[in-house]
Amino acid sequence: MSHILKLENVRAYYVIKNRSSAKEVKAVDNVSLTIDESEIVGIVGESGCGKSTLTNVILMNIKPPLRFISGKVILWKDGEPIELNKLSRDSLKKEIWGREISIVPQFAMNALVPTYKVKRIITDIYKSHYETSSDEEHIINMATKRFNDLGLPEKVLNMYPFELSGGMKQRVIIAIATLMNPKLLVADEPTSALDVITQKMVLKTLLDIYHKGFIKSIIFVSHDIASVRQIATRLVVMYAGKIVEDGPVEEIIRNPMHPYTKYLIRSVLTPERTTKRGEIVTVPGFPPDLSNPPSGCRFHPRCNYKLSKCVSDEPPMLRVNDKHFVACWLYS
Ligand SMILES: Nc1ncnc2c1ncn2[C@@H]1O[C@H](COP(=O)(O)OP(=O)(O)OP(=O)(O)O)[C@@H](O)[C@H]1O
Ligand SMILES: [Mg+2]
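A brief report on the enclosed structure follows.

Procedures and definitions
Residues numbered from 1 in each chain as written. Chains lettered and ligands numbered in written order. Predicted model: local features only at pLDDT ≥ 70, side-chain atom pairs only at ≥ 80, totals over all residues. Helix = DSSP H or I, 4+ residues; strand = E, 2+ residues; numbered from the N terminus. Rg over C-alpha atoms; globule rule 2.2 N^0.38 Å. Contact = placed C-beta atoms within 7 Å. Near = placed C-beta within 6 Å. Nonpolar A, V, L, I, M, F, W, Y, C, P; charged D, E, K, R; others polar. Axes fitted to C-alpha atoms, helices over the stretch in contact; angles between N-to-C directions. Parallel < 35°, antiparallel > 145°, perpendicular 65-115°, else oblique. Left-handed = near helix turned anticlockwise from the far one by under 90°. Pairing = 2+ DSSP bridges. Buried ≥ 20, exposed ≤ 12 C-beta atoms within 10 Å, placed from the backbone.

### Quick word on the overall build of the protein chain
Then comes step 1: Helix and strand counts for the protein chain stand at 11 helices and 12 strands.
Then comes step 2: Compactness check: the protein chain gives a C-alpha radius of gyration of 21 Å against a globular reference of 20 Å for 332 residues, within 12% of the reference.
Then comes step 3: For the protein chain, the spread of C-alpha atoms along the principal axes amounts to about 65 × 50 × 45 Å.
Then comes step 4: Of the contacts made within the protein chain by residues no fewer than 6 positions apart, 64% connect residues no fewer than 24 positions apart.

### Thoughts on the site of ligand 1
Then comes step 1: Around ligand 1 sit 16 residues in total, of which Tyr14, Ser47, Lys51, Ser52 and Thr53 are the nearest.
Then comes step 2: Considering each element in turn, the shell around ligand 1 owes the most residues, 3 residues, to helix H1 (residues 51–59).
Then comes step 3: Its residues assigned to classes, the shell around ligand 1 shows 7 nonpolar, 8 polar and 1 charged.

### Notes on the packing of helix H3 (residues 118–129) against helix H4 (residues 136–149)
Then comes step 1: Viewed as axis vectors pointing N to C, H3 and H4 meet at an angle of 115 degrees, and their least axial separation amounts to 10 Å. In terms of axis orientation, H3 runs roughly perpendicular to H4. In the crossing of H3 with H4, the sense of the turn from one axis to the other is right-handed. Counted together, Lys119, Ile122, Thr123 and Tyr126 of H3 and Glu136, Ile139, Ile140 and Ala143 of H4 form the full contact between these two elements.
Then comes step 2: For the contact of H3 with H4, a count of residues per class yields 5 nonpolar, 1 polar and 2 charged.

### Overview of the sheet that holds strand S1 (residues 3–17)
Then comes step 1: Taken in spatial order, the 4 strands of this open sheet run S2-S1-S4-S5, and their pairing is antiparallel. Of all strands in the sheet, those with a lone pairing partner are strand S2 (22–36) and strand S5 (80–83), marking the two edges. Taken over all neighbouring pairs, the strand axes of this sheet differ in orientation by 10 degrees on average, direction set aside.
Then comes step 2: For strand S4 (residues 66–77) and S5, the ladder comprises 4 bridges, and the chain directions are antiparallel. If you follow Ile74 over to S5, its bridge partner there is Glu83.

### Some details on the packing of helix H5 (residues 166–177) against helix H6 (residues 196–211)
Then comes step 1: Between H5 and H6, the least distance of the axes is 9 Å, while the angle of their chain directions is 15 degrees. In terms of axis orientation, H5 runs roughly parallel to H6. Relative to H6, H5 is oriented so that their crossing is right-handed. The segment H5 lies against H6, with Gly166, Gly167, Gln170, Arg171 and Ile174 engaging Thr198, Met201, Val202, Thr205, Leu206 and Ile209.
Then comes step 2: Here the contact of H5 with H6 is built from residues that sort into 5 nonpolar, 5 polar and 1 charged.

### Points about unusual backbone geometry
Then comes step 1: In this structure, the amide linkage connecting Pro64 to the following residue, Pro65, adopts the cis form with an omega of 5 degrees.
Then comes step 2: With respect to the element layout, Pro65 can be found in the loop between H1 and S4.
Then comes step 3: One non-glycine residue with positive phi stands out, namely Ser38, at about 80 degrees.
Then comes step 4: Relative to the elements of secondary structure, Ser38 occurs in the loop between S2 and strand S3 (40–44).
Then comes step 5: Classification of Ser38 by C-beta neighbours within 10 Å gives partly exposed; the count is 13.
Then comes step 6: The backbone of Ala240 shows a phi angle near 50 degrees, a positive value even though the residue is not glycine.

### So, the environment of Asn304
Then comes step 1: Assignment of secondary structure puts Asn304 in the loop between helix H10 (272–276) and helix H11 (308–312).
Then comes step 2: What makes Asn304 exposed here is the crowd of 8 C-beta atoms within 10 Å.
Then comes step 3: Separated by 45 residues in the primary sequence, Asn304 and Pro259 place their C-alpha atoms 7.9 Å from one another.

### Focus on the pairing of S1
Then comes step 1: For S1 and S2, the ladder comprises 11 bridges, and the chain directions are antiparallel. Bridging from a neighbouring strand, His3 pairs with Asp36 of S2.
Then comes step 2: Two successive antiparallel strands, S1 and S2, enclose a turn made up of 4 residues.

Function-wise, these values are silent; they only describe arrangement.
Here it is as structure tokens:
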């Protein structure tokens, strides 16, 4: 299987300074992750665990107060590895973003310029990111063809964002983000603000783009395991800036190993019968303050299974099998 992207021991912190003090929010802390061609990877975790920060790190879209502290972000382009962390923002914009990796940012559908028609939004984005010289007709023709391929109505191009439903806006954004056929699409909570039926439409658009070969891999970020399960083949669980478990979706759902994953899965995939009996499962306690995270395993203050080692030593990623990994001392 050929690699598309590899993160090696990446740390990216928000550095917040005021006159008297400075603090670092360790939002992505020593994360390693490899994405291969044809994978659809779901990244899940509670709010504030660093999912969106990780998506920005994957693109090397690092803007203050976020700072890239250490590690490598490697992308394979025409079979050659490139260290994205060594490229300037200008080169990233010209050579990488949109062409190799694209992102649908969290809340993107709220950020569409309300006074521009969809076709104007597309031509503006296309010209600013990709080819300033492209003529508008060429861009619109490309977009029209892509809309047809994805079953999106052509008339949407002549509509304003406020005329579109949330689901249609999100599908349009996904179509725009993948117009240049990037290898990897990173979609950050693309279905989170939508009702269940509309969520399915958006997931279908993502899968259409994937199955038609316009993109090779998807990273799908969500706090909702149920929607990740519908699209992803692999699940990556984040907790407090770190990856704690990584493996095939159904295997993890059937056999979660990290105590945090156990809680997460029990709390979202609880059968209704138990809920009705009043046995709603939640993760006890709260996620830690990432400017002062717990020692050892970051989950230890909330963990019912903790050993003394968990308080002092950070657990390494342990291999459960070929494809399943867990960062927990219980299995060492
Ligand atoms: N601009 C910022 N300045 C300072 N801290 C930030 C900033 N953006 C995010 N953070 C902090 O970084 C941590 C990770 O945030 P991030 O947005 O990556 O989490 P998330 O998993 O995407 O959450 P959500 O599910 O709510 O989208 C949080 O503690 C958050 O408060
Ligand atoms: Mg987020």
